[in-house]
Amino acid sequence: MKRALFPGSFDPLTLGHYDIIKRGVQLFDEVVIAIGINADKNYMFTLEERKKFIEEAFKEEPKVKVVTYKGMTIDFCKEIDAEFILRGLRNPADFEFEKAIAHTNRMLSKIETIFLLTAASTSYISSSIVRDVIRNKGDYSVLVPDSVRVK
Ligand code: ADP
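A brief structural summary. (Residues numbered from 1 in each chain as written. Predicted model: local features only at pLDDT ≥ 70, side-chain atom pairs only at ≥ 80, totals over all residues. Heavy atoms only, no water.)

Some points on the pattern of salt bridges
Here is step 1 of the chain: Counting across every chain of the model gives 12 salt bridges.
Here is step 2 of the chain: Via salt bridges that share partners, R3, E30 and K65 belong to a single interconnected network. (Salt bridge = Lys/Arg side-chain N within 4 Å of Asp/Glu carboxyl O.)

What about the sheet that holds strand β3 (residues 64-69)?
Here is step 1 of the chain: With parallel pairing, five strands are arranged side by side in an open sheet as β3-β2-β1-β4-β5. Whereas interior strands pair on both sides, the edge strands pair on one side only; in this sheet they are β3 and β5 (112-117). For this sheet, the mean angle separating the axes of adjacent strands, direction not counted, is 30°.
Here is step 2 of the chain: Here strand β1 (residues 3-8) pairs with strand β2 (residues 30-36) via six bridges, running parallel. Counterpart to F6 in the pairing with β2 is I33.
Here is step 3 of the chain: Helix α3 (residues 73-80) rests against β1, β2, β3 and β4 (84-89) of the sheet, and its axis sits at about 145° to β1.
Here is step 4 of the chain: Sitting on the sheet, helix α4 (residues 92-108) touches β4 and β5, and the angle it makes with β4 is about 170°. (Pairing = 2+ DSSP bridges. Helix = DSSP H or I, 4+ residues; strand = E, 2+ residues; numbered from the N terminus. Axes fitted to C-alpha atoms, helices over the stretch in contact; angles between N-to-C directions. Contact = heavy atoms within 4.5 Å.)

Encoded structure:
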């Protein structure tokens, strides 16, 4: 069974994440979306809200699971028996950042990181831009799946 972990904050899930997950499902038997818990980060959405947005967006997709985790991503991969980490690459800055993490993870484990280039149509979207639009009362609905709604 080829299982991939797609780790991130998902604060909130965007159409960019959605695209990567949909394409990941074509490559792997199971894609586990893992929301990292970092006590030092200030999130806009609670863990429960972030989890619900993703579960709702993929409720028709049995190959997608949503979990939360603490600590090192590679340790969690071993715990759930995932041999692959899935990440999206939007631009050179993502590449430089991800490269160091992927090399480190390979030094510390046998886990391979698989990168997918983002779809051109969603490559400019980031959760932080979505949060800015929300804070400024803009129309965020064109940037996120329908399941992401601000109360
Ligand atoms: P992190 O806190 O790890 O940056 P994110 O939730 O922002 O978490 O991102 C998780 C993953 O989704 C990363 O691999 C990131 O590159 C990817 N990603 C973020 N935005 C997009 C996008 N617009 N298109 C494709 N992938 C994206």
